[in-house]
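# Observations on chain architecture
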Amino acid sequence: MHPYNLDTLNKRFGLADILIFREGPGGLPVVEVFNEQASAVIALQGAHLLQWVPSGEDPVIWLSPEAKFAAGKSVRGGAPVCWPWFGPHEREAGFPAHGFARTVPWEVFETNANADGSTSVGLRLLHSDATRAQWPAASELELYIRIGTTLELDLLTRNTSSTAITIGEALHTYFRVRDIREVSVQGLEDLEYIDKVDGGTRKRQQGPVRFAGELDRIYLDHGSDCLIHDLGLQRRIRIHKRGSHSTVVWNPWIEKAEKMGDLGPDGYLHMLCVESANAAEDVVKIGPGGEHHLWMRYSVEAL
């Protein structure tokens, strides 16, 4: 049973004809946004963006047609929040990969119809005994989502403790592409990366990133724009970010996708993860009373 009252949420935070709360797949509550610039769907579990469609465009965010929706379970696709660590926990093998933020309830604390026609939603992670058992440090996590002709995401970590904390994080965004074999990623040329498919070997990127098999890489010392060139959809997705110095690029390809069970028979062809992150040695230390923003803006350009 989820800890939300939809009537109360609609009365407090609903925006007439623009933003409503309703029961979504698997009984999980969602926020639906419809403005003149775009539409979007956000699950309150995990503050998980499930959809963003700029007006007149194909969907930009990919959600698996076989995604499973259940309390406490991660959803395949969308933009999962990875926090307060990325990948496996460095000491506790039983803790969930990529942290707990994507599978626990969040609360909405503000919604706004902005003067420029976009719509904003602010969400805050709800800590519990279960989350504090994994992350005892006193801290707050908020996600601000601005939905319009561009999509802005601002993940704010606030250290409310008396000692420094160290976090890893990412927005594990799945982008929709027509055919991964006709896609390239630009903006990572000449960078060193960790090749997780090849046992963590460090290599250097030559030219644009192209896809002909499983690919799982953490690009290091990267803070500039990434561009997803999609010949099939004749568009370019631009990823602009701040507060991130690593970028993860991932596609599981055929064999791994078949083992995952929730990607669909040809799902790997139509998705690509390009994740704005603080991963590997690029973790973030936040002093007492300090805060850190992981901010990104996604925009769509014609080829």
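Residues numbered from 1 in each chain as written. Predicted model: local features only at pLDDT ≥ 70, side-chain atom pairs only at ≥ 80, totals over all residues. Heavy atoms only, no water.

Let us now look at the pattern of salt bridges. On inspection of all chains with the given rule, the structure shows 18 salt bridges. Here Glu142 ties to Arg158 by a salt bridge, and the two come within 3.4 Å at their closest N and O atoms. Placement of Glu142 in strand S8 (residues 139-147) and of Arg158 in strand S9 (residues 151-159) is noted, with a sequence separation of 16 residues between them. Taking the relative accessible area as the measure of exposure, Glu142 reaches 4% and is therefore buried. (Salt bridge = Lys/Arg side-chain N within 4 Å of Asp/Glu carboxyl O. Helix = DSSP H or I, 4+ residues; strand = E, 2+ residues; numbered from the N terminus. Buried < 20%, exposed > 50% of the residue type's maximum accessible area, 1.4 Å probe, protein only.)

Moving on, we come to the sheet that holds strand S6 (residues 106-113). Hydrogen bonding along the main chain pairs the strands of a sheet, whether they run parallel or antiparallel. The strand order across the open sheet built from 9 strands is S6-S7-S8-S9-S23-S19-S18-S13-S16, with neighbouring strands paired in antiparallel fashion. Looking at strand neighbours, the two that pair on one side only are S6 and strand S16 (209-210), the edges of this open sheet. Where S6 and strand S7 (residues 119-125) come together, 7 bridges link them in antiparallel fashion. Within the sheet, the bridge partner assigned to Thr111 lies in S7 and is Val121. (Pairing = 2+ DSSP bridges.)

Moving on, we come to the nonpolar core. Nonpolar side chains in soluble globular proteins tend to be buried together. Core analysis: the biggest nonpolar cluster contains 75 residues, and Trp106, Phe211, Ile228 and Leu272 have the highest contact counts within it. Dropping the residues within four chain positions of it, Ile228 is found in contact with Phe175, Val177, Val183, Ser184, Val185, Arg235, Arg236, Ile237, Ile239, Leu272 and Val274. Among the nonpolar cores identified, the runner-up in size contains 9 residues, and Cys82, Ile194, Ile218 and Leu220 belong to it. (Core = buried A, V, L, I, M, F, W, Y, C linked by side-chain atoms within 4.5 Å. Contact = heavy atoms within 4.5 Å.)

Time to look at helix H1 (residues 6-13). The set of residues buried in H1 consists of Leu6, Leu9 and Phe13. Around the axis of H1, the buried residues are gathered within 60° of arc, so they sit on the same side. Exposed residues pointing more than 90 degrees away from the buried face of H1 are listed as Asp7, Lys11 and Arg12. Those residues of H1 hidden inside the fold are in contact with strand S1 (19-23), strand S2 (29-34) and S6. One side-chain oxygen of the residue at the start of H1 lies 3.1 Å from the amide nitrogen of Asp7, identifying that residue as Asn5. (Arc of directions from axis to C-beta. Polar contact = N/O pair within 3.5 Å; in protein donor to acceptor, adjacent residues only side chain to side chain.)

Okay, the environment of Ser39 next. Note on placement: Ser39 falls in strand S3 (residues 38-43). Each C-alpha atom, one on Ser39 and one on Thr119, is 9.6 Å from the other, the two residues being 80 residues apart in sequence. Non-local contacts of Ser39, meaning those with residues more than four positions away in its chain, are made with Val33, Phe34, Gln51, Trp52, Val53 and Ile147.

Moving on: the pairing of strand S15 (residues 201-204). Side-chain direction in a regular strand flips from residue to residue, so the side chains alternate between the two faces of the sheet. Pairing analysis gives 4 bridges linking strand S14 (residues 192-195) to S15, with the strands arranged antiparallel. Directly across from Asp195, in S15, lies its bridge partner Thr201. Hairpin connection from S14 to S15: 5 residues lie between these consecutive antiparallel strands, with Gly199 at a positive phi of about 70°.

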